[in-house]
Amino acid sequence: MIPTLYIVATPIGNLDDITFRAIQTLKNSDVILAEDTRHSKRLLNHYDIQTDLRAFHEHNEKQKTQAIIGELLEGKNMALISDAGTPLISDPGYVLVREAKKAGVMVSPIPGASAMISAMSASGIASDQFSFFGFLPTKQAARIKAIQAIAHHEQTVIFYESPKRILACVQDLHSVLGKDRTVCLAKELTKSFETIKTDTLPNLIHYLEADQAHQKGEFVVLISSIAKDDKIEGEAQLDKILPILLAEMGASKAAKLAAKITGIDKKHCYQRALDIQG
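Starting from 1, residues in each chain are numbered consecutively following that chain's sequence as written. Selection of residues for local features in this predicted model requires a pLDDT of at least 70, selection of side-chain atom pairs for listing and counting requires 80 or more, and totals for whole chains, interfaces and linings are taken over all residues. Note that the side-chain values use all heavy atoms of the structure and ignore hydrogens as well as water.

Draft legend 1. Looking closely at the overall build of the protein chain. Put simply, DSSP marks the helices as runs of H or I at least four residues long and the strands as runs of E at least two long, and each gets a number from the N terminus on. Across its full length, the protein chain holds eleven helices and ten strands. For the protein chain, the spread of C-alpha atoms along the three principal axes comes to 70 × 45 × 30 Å. Remark: exposure states derive from per-residue accessible area (1.4 Å probe, protein chains only) relative to the maximum for the residue type, with buried under 20%, exposed over 50%, and partly exposed in between. Counting over 278 residues, the protein chain shows a buried share of 44%. Residue pairs in contact within the protein chain that sit at least 24 positions apart in sequence constitute 69% of those at least 6 positions apart. Using a 1.4 Å probe, accessible areas were evaluated by the Shrake-Rupley method; residue-level cover was limited to the displayed protein chains. Carbon and sulfur atoms form 51% of the exposed surface of the protein chain, whose accessible area is close to 14700 Å². Averaging the positions of the 32 positive and the 33 negative side-chain charges in the protein chain gives two centres separated by 5 Å. Note on definitions: a residue-residue contact is assigned when non-hydrogen atoms from the two residues lie within 4.5 Å. Under the counting rule used here, the positive set is Lys and Arg, the negative set is Asp and Glu, and His together with the chain ends is not counted. To locate a charge, take atom NZ for lysine, CZ for arginine, CG for aspartate or CD for glutamate.

Draft legend 2. Main features of a positive patch on the surface. On the surface, Lys 145, Lys 256, Lys 260 and Lys 266 cluster together into a positively charged patch. Among the secondary structure elements, Lys 260 is positioned in helix H10 (residues 251-262). A relative accessible area of 53% places Lys 260 in the exposed class. Patches were defined on residues exceeding 30% relative accessible area and lacking a salt bridge, with like-charge contacts within 9 Å and nonpolar side-chain contacts (Val, Leu, Ile, Met, Phe, Trp, Tyr) within 5 Å. Throughout this description, the term salt bridge denotes a Lys or Arg side-chain nitrogen within 4 Å of a carboxyl oxygen of Asp or Glu.

Draft legend 3. Highlighting the sheet that holds strand E7 (residues 156-161). For two strands to count as paired, DSSP must find a minimum of two bridges between them. Spatial strand order, E6-E7-E10-E8-E9: five strands in an open sheet with mixed pairing. Looking at which strands have only one partner, the edges of the open sheet turn out to be strand E6 (130-135) and strand E9 (195-200). Direction aside, neighbouring strands of the sheet carry axes that sit 15 degrees apart on average. Throughout, an axis means a line fitted to C-alpha atoms (over the contacting stretch in the case of helices), and angles, computed between N-to-C directions, take values from 0 to 180 degrees. Where helix H7 (residues 166-177) meets the sheet, its contacts fall on E7, strand E8 (182-187) and strand E10 (219-223), and the angle it forms with E10 comes to roughly 5 degrees.

Draft legend 4. Geometry of the packing of H7 against helix H8 (residues 201-210). For the pair H7 and H8, the least separation of the axes is 10 Å and the interaxial angle reads 160 degrees. On the basis of their axis angle, the class for H7 and H8 is roughly antiparallel. Considering the relative orientation of H7 and H8, their crossing is left-handed. Here H7 contributes Ile 166, Leu 167, Val 170, Gln 171, Leu 173, His 174 and Leu 177 to the contact with H8, which in turn contributes Leu 201, Pro 202, Leu 204, Ile 205, Leu 208 and Glu 209. Just so you know the grouping, Ala, Val, Leu, Ile, Met, Phe, Trp, Tyr, Cys and Pro go in nonpolar, Asp, Glu, Lys and Arg go in charged, and all remaining residues, Gly too, go in polar. Looking at side-chain class alone, the contact of H7 with H8 contains ten nonpolar, two polar and one charged residues. Should an angle fall under 35 degrees it is called roughly parallel, over 145 degrees roughly antiparallel, and 65 to 115 degrees roughly perpendicular, with every other angle called oblique. Crossing chirality is assigned from the near helix's rotation relative to the far helix, an anticlockwise turn below a right angle marking it left-handed and a clockwise turn marking it right-handed.

Draft legend 5. Representation of the packing of aromatic side chains. Here is the rule: rings of Phe, Tyr and Trp (six-membered ring for Trp) pair when centre to centre is within 6.5 Å. Planes less than 30 degrees apart are stacked, more than 60 are edge-to-face, and the remainder are tilted. All told, the structure shown has two aromatic pairs when counted by the stated rule. The interplanar angle of 65 degrees and the centroid separation of 5.1 Å between the aromatic rings of Phe 132 and Tyr 160 together place this pair among those described as edge-to-face. Taken together, the residues span a long stretch of sequence, with Phe 132 in strand E6 and Tyr 160 in strand E7 at a distance of 28 residues. According to the relative accessible area criterion, Phe 132 is partly exposed, its value standing at 28%. Each ring, one from Phe 135 and one from Tyr 160, has its centre 5.7 Å from the other, and the planes form 70 degrees; the classification is edge-to-face. Within this pair, whereas Phe 135 is found in strand E6, its partner Tyr 160 is found in strand E7, the two being separated by 25 residues in sequence. Note on Tyr 160: relative accessible area 12%, which makes it buried.

Draft legend 6. Here's a closer look at the pattern of salt bridges. What the rule picks out here adds up to ten salt bridges. Close ionic contact of Arg 54 with Asp 52 constitutes a salt bridge, the shortest N to O distance being 3.3 Å. The exposure class of Asp 52 is partly exposed, given its relative accessible area of 38%. Ionic pairing is found between Lys 179 and Asp 180, a salt bridge with its closest N-O pair at 3.3 Å.

Draft legend 7. View of H8. Within the span of H8, buried status applies to Leu 201, Leu 204, Ile 205, Tyr 207 and Leu 208. End-on view of H8: buried residues confined to an arc of 160 degrees, all on one side of the axis. Of the exposed residues in H8, the ones pointing more than 90 degrees away from its buried face are His 206 and Ala 210. Of the surrounding elements, those touching the buried residues of H8 are H7, E8, E9 and E10. An arc is given here, and it is the one of the directions from the helix axis to the C-beta atoms.

Draft legend 8. Focus on the packing of helix H6 (residues 140-150) against H7. Interhelical geometry of H6 versus H7 gives an angle of 50 degrees and a closest axis separation of 10 Å. Relative to H7, H6 is oriented oblique. The handedness of the crossing between H6 and H7 is right-handed. When H6 is examined against H7, the residues Gln 140, Arg 143, Ile 144, Ile 147 and Gln 148 are found in contact with a partner set consisting of Ala 168, Cys 169, Asp 172, Leu 173, Val 176 and Leu 177. Per-class residue counts for the contact of H6 with H7 are seven nonpolar, two polar and two charged.

As structure tokens, this is what we get:
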């Protein structure tokens, strides 16, 4: 038998949202690696899973990876789980998976729940193309820069946000994206107080401010792609101001300033500047 590291998806809320295969894999593994053993113990107890449980999280991932690979190479099968959902999606595990594959360990996914995919499926926002950004920066200045960078994406943008920052984040989205962009806020997915609201940013701000309870829970945020007319208008504005800026400064500085003015990604502005310079 080839030693195997199983990447096992667990429920994001409702404990019934787990596959039969995931339960059997957790029962049959020699070791379960969990982000928070106290949190995961509730799931394991619910399904009478007695497998050895060990802590594996972002603070000890690098230190423990080689020892874990050593045990896998000795013939043990291990299962990696996160606190909720599919491991490695804004959770620890990448280093372990990378090194395990280098060492010849088989890595096998056991698919299941994902907050990102669940939110997208029920958002009413286009799902044919999307980009996932994990968590945006916590500080406002950096967060606004990140929003400006994704403002002109031609596909749905998805990221996670904490209850502490959700109102400030949505206010920043409003300041950069304007009042007409469609956004979805999804929280407490599969739980008793599941809420999925798809609306304009002014209405979402009103919703969050109306009741402090509306800001509680871990959020998935989905932003609709830029409208074709808005993109054409932004490109026209860029083509208008770039030649003026390039007459006074180099392409790099001109692109940086143009990105601030238009909200268009700086890399795109820089490439357009180079095109204009010929």
